[in-house]
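Fold and geometry: a report
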Amino acid sequence: MAITYTWNCKTVDTYPTKDSKSDVIFNVHWRLNGEDDTEDKNTGSIYGVESINTDDLSTFTAFADLKESDIIGWVESGLGEDQVKSLKDNVDAQIAEKITPTVVTKTIGV
């Protein structure tokens, strides 16, 4: 079973102006989704917020010129390789729990 991961990093917090730049992103609200390749298409998801350092805007890219792939790169870089792996492991565990539950909630009939 293979799991495909996708990032959603479309929601951001910005400073309207900072150091004469407009719409400077300082927080990215991210979600990491995973889906297995089985017939059931089991899914898992985890979310969070990554802060972006805005101290040095010398390589600033205008908001209108940014792509989601740019933002995903910032998030992955900020989290670091080990944390990204840990997040993917968490999504994997959610999917595994759906496939083979360790706990099942049931209701007693009347």
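First things first, this report covers the structure right here in the doc. Computed from a predicted structure; not experimentally measured. (Residues numbered from 1 in each chain as written. Predicted model: local features only at pLDDT ≥ 70, side-chain atom pairs only at ≥ 80, totals over all residues. Heavy atoms only, no water.)

Describing the overall build of the protein
Along the backbone of the protein there are two helices and three strands. Reading the secondary structure of the protein in the N-to-C direction produces β-β-β-α-α. Its C-alpha atoms give the protein a radius of gyration of 19 Å, more than 25% over the compact-globule value 13 Å for 110 residues. Each principal axis of the C-alpha atoms in the protein carries an extent, and together these give about 65 × 35 × 25 Å. (Helix = DSSP H or I, 4+ residues; strand = E, 2+ residues; numbered from the N terminus. Rg over C-alpha atoms; globule rule 2.2 N^0.38 Å.)

Let's talk about the sheet that holds strand β1 (residues 3–18)
Strand order in this open sheet of three strands is β1-β2-β3, and the pairing throughout is antiparallel. Every other strand in the sheet has two partners, leaving β1 and β3 (43–51) as the edge strands with one partner each. On average, adjacent strands in this sheet sit at an angle of 15° to one another, irrespective of strand direction. Pairing analysis gives nine bridges linking strand β2 (residues 21–36) to β3, with the strands arranged antiparallel. Looking at β3, one finds that L32 is bridged to I46. Where helix α2 (residues 81–99) meets the sheet, it contacts β1, β2 and β3, and its direction lies at approximately 155° from that of β3. (Pairing = 2+ DSSP bridges. Axes fitted to C-alpha atoms, helices over the stretch in contact; angles between N-to-C directions. Contact = heavy atoms within 4.5 Å.)

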